[in-house]
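Summary of structural features
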Amino acid sequence: MIQISRFRKFKIAAVGLLCVCSAFIPFRKPINVWMIGDSTMCNYESSRAPLTGWGMPFAGFFSTEVQFNNRAKGGRSTRTFLSEKRWENVADSLSKGDYVLIQFGHNDEAKEEKYKDRYTPVADYKVNLGRFIKESRAKNTIPVLITPVSRMSFDQNGQAKETHAEYTAAVYEVARMYGVPLIDLDRDSRALYQKMGPEATKKLFMQLEPAAHPNYPEGKKDNTHFNEFGARKIAQLVLSEMKKQQLELCNYIVKPKPAKK
């Protein structure tokens, strides 16, 4: 009985010591990453697979200390993202140390009559990007500008064509104006397409023959949106540029496990 009593006292003391020590371990606030943009970045439900926004695989490169809030939405321009109060909902939720990844352009530049409700002139586009930045910084967060990812387009000589020149240039102007990190996904994605060539680049996009996938029995010919493979390749481009710019967020990238010998 004496030994049992001593053991119990020791156990109680050990638990108490553990509680005291735990109280002095600093709590690490999760890093929140907010993503605002269009259909090339957003999340998709499984019923639309293999359609994949690059924000989906991008989240998988980081540890569980990073929480992703992908608020990108298909068909949205900077103007409609604001008018629909999607940005207001994000801005109200920001807290110190968060990241805000901003990628618009595809829908801002859509001048066709059927897209007139989303079209945003370059001057307004720059004002809207500036608003995202200013209101992010007001909450002590870190905004990062990303140019619109390039569409798949090659000329007759097999050269990848620039598809967002005017709006990519505008992103550069805003980045210089506010001194924020800039990732030129337009440039980097075109370099990837050029390296792969016209035929191989199709493997990145929603290019499906009829009956090739149950979700698209009639097939799909889409030069803007990515499949799972393409979205991952684009996410890797963003990740690579973040590493080059040494953004602190990169400290939370999951490190590959060493290969077993």
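Computed from a prediction, not measured in an experiment: that's the story for all the values here.

Attention shifts here to the nonpolar core. If you look at the biggest cluster of nonpolar residues, it comprises 43 residues, and the most contacted ones within it are W54, F58, F62, Y193, I234 and M242. Elements with a minimum of two residues in this core: strand 1 (31-37), strand 3 (99-103), strand 4 (142-146), helix 7 (185-196), strand 6 (205-208) and helix 9 (228-244). Ranked by residue count, the leading element in this core is helix 9, at seven residues. Apart from residues no more than four positions distant in its own chain, I234 is found in contact with W54, V149, L185, S189, L192, Y193 and F226.

Quick look at the pairing of strand 1 now. Judged by how many residues are buried, strand 1 sits mostly within the fold: seven of seven residues are covered. Side-chain alternation along strand 1 places I31, V33, M35 and G37 on one buried face and N32, W34 and I36 on a second face that is also buried. Examined bridge by bridge, strand 1 and strand 2 (residues 66-70) share five bridges and lie parallel to one another. What sits directly across from W34, in strand 2, is N69. Across five bridges, the pairing between strand 1 and strand 3 is parallel. Bridged to I36 within strand 3 is I102.

How each quantity is defined
Residues numbered from 1 in each chain as written. Predicted model: local features only at pLDDT ≥ 70, side-chain atom pairs only at ≥ 80, totals over all residues. Heavy atoms only, no water. Core = buried A, V, L, I, M, F, W, Y, C linked by side-chain atoms within 4.5 Å. Buried < 20%, exposed > 50% of the residue type's maximum accessible area, 1.4 Å probe, protein only. Helix = DSSP H or I, 4+ residues; strand = E, 2+ residues; numbered from the N terminus. Contact = heavy atoms within 4.5 Å. Pairing = 2+ DSSP bridges.

Honestly, that's just the spatial picture; any functional story needs more than this.
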